[in-house]
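Fold and contact review
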Amino acid sequence: MKVEDEIEATSRLEAALYSAGRPLTVEELIKASGTESRTKTLALLGSIEKKTKSAFRAIEVATLPDGSYVMQLKPELNDTVRKFASRPILAKATLKTLSYIAYMQPISSKHLVETRGSGVYSHLKELEQLDFISHQNVGRLKIFSTTSKFQKYFGISGDTDILKQILFKKRKSSPPPQQIMPEA
């Protein structure tokens, strides 16, 4: 690969990682780089990771457990910059509903309304539009679960038991809520 082509491919990868705001799969990054080569794209990503690590103290290019890549603020600095960040993607109430779904999944809309109130309907609509949750109809009930996009966006591995452990630790001394499964 010519030096000019390598510089162009690197620039394209940096732009994709920076602008995506979410983890990107290797396949997406191959497309973005224009190299059509997995080996070359991974080599360029390795170079970008090293450059980012040496040039920046707060930003990193991270490889997630599922093999995707993300350009992000180092997690230990999240609390420091929260007051400077632009409006979050989700309102606090919607985020609470999402975390409740993530912890209790699968969970019925009936149980969500009983627990979170009638405002949950607008939260569910927004979360489904963002593809963070999906539902299945079981009789007259809708049963909600998180999606793979939710897991990728929040950098969570596929095991929901690990997610529950993480969420439970954040709740500190509170015992986990009891899940009520819908009657069939």
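My aim in this report is to walk through the structure given alongside it, one point at a time. (Residues numbered from 1 in each chain as written. Predicted model: local features only at pLDDT ≥ 70, side-chain atom pairs only at ≥ 80, totals over all residues. Heavy atoms only, no water.)

Let's shift gears to the pairing of strand S4 (residues 133-138). Note: S4 against strand S5 (residues 141-146), six bridges, orientation antiparallel. Considered in S5, the bridge of Ile 133 is made with Thr 146. (Pairing = 2+ DSSP bridges. Helix = DSSP H or I, 4+ residues; strand = E, 2+ residues; numbered from the N terminus.)

At their nearest, the axes of helix H6 (residues 109-116) and helix H7 (residues 120-129) sit 9 Å apart, and the two run at 125° to each other. The angle between the axes of H6 and H7 places the two elements in the oblique class. Note on element contacts: H7 touches H6 through Val 120, Tyr 121, His 123 and Leu 124, opposite Ser 109, Leu 112, Val 113 and Arg 116. Considered class by class, the residues forming the contact of H6 with H7 number five nonpolar, two polar and one charged. (Axes fitted to C-alpha atoms, helices over the stretch in contact; angles between N-to-C directions. Parallel < 35°, antiparallel > 145°, perpendicular 65-115°, else oblique. Contact = heavy atoms within 4.5 Å. Nonpolar A, V, L, I, M, F, W, Y, C, P; charged D, E, K, R; others polar.)

Let us look at helix H2 (residues 26-33). Those residues of H2 that fall on the buried side of the exposure criterion are Val 26, Leu 29, Ile 30, Ala 32 and Ser 33. Buried residues of H2, seen end-on, are gathered within an arc of 165° and therefore sit on one face of the element. Contacts made by the buried residues of H2 are with helix H1 (3-20), helix H3 (38-55) and strand S2 (69-73). Looking at the residues trailing H2, positive phi occurs at Gly 34, about 80°. (Buried < 20%, exposed > 50% of the residue type's maximum accessible area, 1.4 Å probe, protein only. Arc of directions from axis to C-beta.)

This part covers the nonpolar core. Counting residues in each nonpolar core, the largest one holds 16 residues, and the members touching the most others are Ile 101 and Leu 112. Elements represented by at least two residues in this core include exactly helix H5 (92-104) and H7. Among the elements that take part in this core, H5 stands out by supplying six residues, more than any other. Once you skip the residues sitting within four places of it in the chain, Leu 112 turns out to touch Tyr 100, Ile 101, Ile 107, Gly 117, Val 120, Leu 124 and Phe 144. Counting 14 residues, the second largest nonpolar core, distinct from the first, contains Leu 13, Leu 17, Ile 30 and Leu 45. (Core = buried A, V, L, I, M, F, W, Y, C linked by side-chain atoms within 4.5 Å.)

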